[in-house]
Number of protein chains: 2
Amino acid sequence: MKPVCVDAMGGDAAPDVIVQAALRAHESGIPIVLCGPEPVLRPMLGGVELPVLHAPHTLGSGGSAWDEIRERPRSSVRVGLEAVRDGLASAFISCGSSGGVLLESVRTLGILKGLARPALAVSIPRGESAPLILLDAGANVDCRAELLVSFAHLGVAWSRALGHQRARVGLLSNGVEPSKGNEAIREALDRLASSPLHVVGQIEPHRAVAGDCDVLVADGLVGNVMLKSMEAAVEIVRAHLTDADADEAEPPSHETLQALSWERHGAAILLGVDGLVLIGHGRSEQAAALYAIQAAHRAAQSDARDQLIAALRDR
Amino acid sequence: MKPVCVDAMGGDAAPDVIVQAALRAHESGIPIVLCGPEPVLRPMLGGVELPVLHAPHTLGSGGSAWDEIRERPRSSVRVGLEAVRDGLASAFISCGSSGGVLLESVRTLGILKGLARPALAVSIPRGESAPLILLDAGANVDCRAELLVSFAHLGVAWSRALGHQRARVGLLSNGVEPSKGNEAIREALDRLASSPLHVVGQIEPHRAVAGDCDVLVADGLVGNVMLKSMEAAVEIVRAHLTDADADEAEPPSHETLQALSWERHGAAILLGVDGLVLIGHGRSEQAAALYAIQAAHRAAQSDARDQLIAALRDR
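The structure presented is a predicted model; accordingly, all values stated were derived computationally and were not measured.

S.K.: Can you help me understand the overall build of chain A in this one?
M.R.: What chain A contains, in helices and strands, is 12 helices and 11 strands. For 315 residues, the compact-globule formula gives about 20 Å, and the C-alpha radius of gyration of chain A, at 20 Å, lands near that figure. Principal-axis analysis of the C-alpha atoms places the extent of chain A at approximately 60 × 60 × 35 Å. Looking at chain A as a whole, 57% of its 315 residues are labelled buried. Considering only residue pairs separated by 6 or more positions, chain A has 68% of its internal contacts joining residues 24 or more positions apart.

S.K.: Just to check I follow, could you spell out unusual backbone geometry for this structure?
M.R.: Working note: non-glycine residues mostly have negative phi, and peptide bonds are mostly trans. Residues and elements named next belong to chain A. Cis rather than trans, the peptide bond between A14 and P15 has omega equal to 0 degrees. With an omega of 5 degrees, the peptide bond running from L135 to D136 counts as cis. Looking at where D136 falls in the secondary structure, it is placed in the loop between β6 (129–135) and α6 (145–161). Although it is not a glycine, R166 adopts a positive phi angle of roughly 50 degrees. Tracing the sequence through the fold places R166 in the loop between α6 and β7 (168–172).

S.K.: For this particular structure, what's the right way to read the packing of helix α1 (residues 16–27) of chain B against helix α11 (residues 286–301) of chain B?
M.R.: The relative placement of two packed helices comes down to the angle between their axes together with the axis-to-axis distance. Residue and element names in this part refer to chain B. Running from N to C, α1 and α11 point in directions that differ by 50 degrees, and their axes come no closer than 8 Å. Taken together, α1 and α11 sit at an angle that is classed as oblique. Like other packed secondary-structure pairs, α1 and α11 cross with a definite hand, here right-handed. In contact with V17, I18, Q20, A21, A22, R24 and A25 of α1, α11 contributes Q286, A289, L290 and I293. Looking at the contact of α1 with α11 residue by residue, the class counts come to eight nonpolar, two polar and one charged.

S.K.: I'm lost on the side chain of A:S173 in this one. Help?
M.R.: One can find A:S173 in the loop between β7 and α7 (183–192). Exposure remark for A:S173: the relative accessible area of 0% places this residue in the buried category. At a separation of 3.1 Å, a polar atom in the side chain of A:S173 contacts the main-chain amide nitrogen of A:G181. Filtering out sequence-adjacent residues up to four positions away, A:S173 remains in contact with A:K180, A:G181, A:Q202, A:I203, A:E204, A:P205, B:L221 and B:V225.

S.K.: Is there a simple way to think about the sheet that holds strand β3 (residues 52–54) of chain A in this case?
M.R.: Two modes of strand pairing occur in sheets, parallel and antiparallel, and in both the strands are linked by backbone hydrogen bonds. Residue and element names in this part refer to chain A. The 11 strands lie next to each other as β3-β2-β1-β4-β11-β10-β5-β6-β9-β7-β8, forming an open sheet whose pairing is mixed. The strands lining the two open edges of the sheet, one partner per strand, are β3 and β8 (198–203). Strand-to-strand twist of the sheet, defined as the mean angle between neighbouring strand axes without regard to direction, takes the value 25 degrees. Note that β6 and strand β9 (residues 215–217) share three bridges and pair parallel. Within β9, the position partnered with I133 by the bridge is V215. Along the sheet, helix α4 (residues 76–85) makes contact with β1 (4–7), β2 (32–36), β3, β4 (91–94) and β11 (277–279), crossing β4 at roughly 160 degrees. Strands in contact with helix α8 (residues 205–212) are β5 (119–126), β6, β7, β8 and β9; relative to β8, the strand with the most contacts, it is inclined by about 145 degrees.

S.K.: Hey, could you run me through the pattern of salt bridges in this one?
M.R.: Where charged atoms from two side chains of opposite charge approach closely, those side chains can pair. Evaluation of the coordinates by the stated rule reveals 26 salt bridges over all chains. A salt bridge links B:E38 to B:R42; the nearest nitrogen and oxygen atoms lie 2.9 Å apart. According to the relative accessible area criterion, B:E38 is partly exposed, its value standing at 27%. When the shortest N-O distance is used, the salt bridge between B:R191 and B:E187 registers 2.7 Å. One end of the pair is B:R191 and the other is B:E187, both in helix α7 (residues 183–192) and four residues apart, which spans about a single turn. The class of B:R191 is partly exposed, set by a relative accessible area of 40%. Residue B:E187 is classed as partly exposed on the basis of its relative accessible area of 36%. Among the charged side chains, a network of salt bridges with common partners joins A:R74, A:R78, A:E82, A:E104 and A:R107.

S.K.: Looking at this structure, how should I read α11(B)?
M.R.: In an α-helix, one turn spans 3.6 residues; hence positions three or four apart end up facing the same way. With 16 residues, α11(B) should cover 22 Å at 1.5 Å per step; its first-to-last C-alpha distance of 22 Å lies within 8% of that length. Where α11(B) is concerned, the buried positions are B:A288, B:A289, B:L290, B:A292, B:I293, B:A295, B:A296, B:H297 and B:A299.

S.K.: In this structure, what is going on with the nonpolar core? I would like to understand it.
M.R.: Burial of nonpolar side chains together is a common tendency in soluble globular proteins. Ranked by internal contacts, the top residues of the largest apolar core, which has 221 residues, are B:L34 and B:L135. The contacts of B:L135, once residues within four sequence positions are left out, are B:A119, B:L120, B:A121, B:F151, B:L154, B:G155, B:V215, B:L216, B:V217, B:A218 and B:L271.

S.K.: Which parts of the structure should I look at to understand the sheet that holds strand β2 (residues 32–36) of chain B?
M.R.: All names here are of chain B. Read across the open sheet, the 11 strands follow the order β3-β2-β1-β4-β11-β10-β5-β6-β9-β7-β8; overall the sheet is mixed. Strands with a single pairing partner mark the edges of an open sheet, and in this sheet they are β3 (52–54) and β8 (198–203). On average, each strand axis in the sheet is tilted by 25 degrees relative to the strand beside it, whichever way the strands run. Of the pairings in the sheet, the one linking strand β10 (residues 268–271) to strand β11 (residues 277–279) comprises two bridges and is antiparallel in character. Directly across from A268, in β11, lies its bridge partner I279.

S.K.: Teacher, can you tell me more about the environment of B:V141 here?
M.R.: With respect to the secondary-structure elements, B:V141 resides in the loop between β6 (129–135) and α6 (145–161). For B:V141, a relative accessible area of 27% corresponds to the partly exposed category. In sequence terms B:V141 and B:V222 are 81 residues apart; their C-alpha atoms lie 8.4 Å from each other. In contact with B:V141, other than residues within four places in its own chain, are A:N174, A:G181, A:N182, B:D219 and B:L221.

S.K.: Hey, could you run me through the pairing of β8(B) in this one?
M.R.: Residues in a regular strand project their side chains so that they alternate between the two faces of the sheet. Residues and elements named next belong to chain B. Summarising the sheet, strand β7 (residues 168–172) and β8 pair through five bridges and their orientation is parallel. If you follow L171 over to β8, its bridge partner there is Q202. With α7 bridging β7 and the parallel β8, this β-α-β connection has right-handed handedness.

S.K.: Can you walk me through the environment of A:G175 in this structure?
M.R.: Residues and elements named next belong to chain A. With respect to the element layout, G175 can be found in the loop between β7 and α7. C-alpha of G175 to C-alpha of I203: the two residues are 28 residues apart in sequence and 6.4 Å apart in space. Among residues more than four places away in sequence, those in contact with G175 are K180, Q202, I203 and E204.

Each value, and the rule that gives it
- Residues numbered from 1 in each chain as written.
- Chains lettered and ligands numbered in written order.
- Predicted model: local features only at pLDDT ≥ 70, side-chain atom pairs only at ≥ 80, totals over all residues.
- Heavy atoms only, no water.
- Helix = DSSP H or I, 4+ residues; strand = E, 2+ residues; numbered from the N terminus.
- Rg over C-alpha atoms; globule rule 2.2 N^0.38 Å.
- Buried < 20%, exposed > 50% of the residue type's maximum accessible area, 1.4 Å probe, protein only.
- Contact = heavy atoms within 4.5 Å.
- Axes fitted to C-alpha atoms, helices over the stretch in contact; angles between N-to-C directions.
- Parallel < 35°, antiparallel > 145°, perpendicular 65-115°, else oblique.
- Left-handed = near helix turned anticlockwise from the far one by under 90°.
- Nonpolar A, V, L, I, M, F, W, Y, C, P; charged D, E, K, R; others polar.
- Polar contact = N/O pair within 3.5 Å; in protein donor to acceptor, adjacent residues only side chain to side chain.
- Pairing = 2+ DSSP bridges.
- Salt bridge = Lys/Arg side-chain N within 4 Å of Asp/Glu carboxyl O.
- Expected span 1.5 Å × (residues − 1).
- Core = buried A, V, L, I, M, F, W, Y, C linked by side-chain atoms within 4.5 Å.
- Right-handed = clockwise from strand over helix to strand, strands pointing away.

So, in structure tokens, the structure goes:
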């Protein structure tokens, strides 16, 4: 069983919180290799013999991702992705800047045949039902129709890889009528009409979450705004309910809010690069980082990647 | 005091629920005039002497808004807007299709001088703080930089009309770094840099809601998705908490959820047309429709419109 490579330097609370999460994953039996500056990381392991791939540089979240990766060629992101490329790790997980991870993934691993761009896919929990797969969640903006079409195929392939047949595809929109959406959305729907995919048309956030589709395709800006807007609403509700607790004898159950919060989304997967790459939330605390590592391990243990490649070949 | 003109035929639950809301508004002292087919509406008034502007046609929500208004030239929307244009009503409020209301508003009332397009502005409640003004909430898609810039000016003018000085403007984006957003967003920020507005740059949903800006500018597709995503998250939480109630002795307080739900947003205002036009949610129930009517009345009682025109003239 190959280890999951964890970027110890990615995210607002790195490296402390990420290293703690990696140690807990290791304790639970998930094989782990860390990447980052060894002199910094080694003393944080408390004697646990985790392998560390030394990477002297760290990508920041300021400036352009292009400048970042040019100026820091031996970043933990780069070194971790090379471990995946070279077969030393089954998957790479970072809670760092998605821009840097995206660019380095394309450079290091390459893009699957027939695709123009990879997409970031996120699973939104829906209680008993299968989660909603939203893509692109932020890797690409100003997406033309052609790219939205490829996201639809990628999303359906990923859904099949996760065990769901005949996923219904919706295009995230400002209404459900055929006239709704923007030019790219309407053109993409025209093109998808002749595809073998099950396409339900334009869809609004609440209907997608309620179950009217299984794969929700969006421009990365729009998908990202949907995800972060839902998180914002949940955080507001949680803050209010926590305030309310102080006044109430019987505190309300927060399980629902927990289940809805971004920490439990696990991680986004970068679909379309030739290797398993997951991106956790930059604001990840320890529990969130651990979820992200577990998600990477689960993806690596499944044959998801092979199925994804097969599905793309067959489309 | 001129009456508020209420489109009795707009919205999923029209005319019954809208007429009931109008009757309640009338009882509370708000002067009301209804528009819609008089033979249908008169018997629903239970003898109350509300004036009715007869409109034989009703705009549906199917098909293109252009086709709709061409085929139904004497719709309740058209007749109601003419009442505003002709000085018979202070404001027009409809919970019907925003596309139809938008087009008829531009045709009937015209656009304020110096603007290319009107925008739909929504107030998102933020507890003790002033609400966040989000625009465009769905009237325009594929917005170029120039249009986003005009939304910034409109939003700040509206904020000033509501009594808030020096509103901070953010552009809704998928991250806060200067490289984030799409081409239109980045170009709009370049142009706004030389304006007298207080612009904070790219902003993400949770920071906007938390108070980092007062006016949130977006393409109508993106703004609409933000609003509906927040509503979707709140609806999910509410459904879960309602389920939980059945099992708990002490039900949790739902006031927060109520306050966050779309019903309390009152109504969106169509900024930039030459007259007060408000659009309620198509899914409005009676309480929501009443809120929307009250919002229209409040806007009409203020000198908001004059201030808006003055602010646009001075920019």
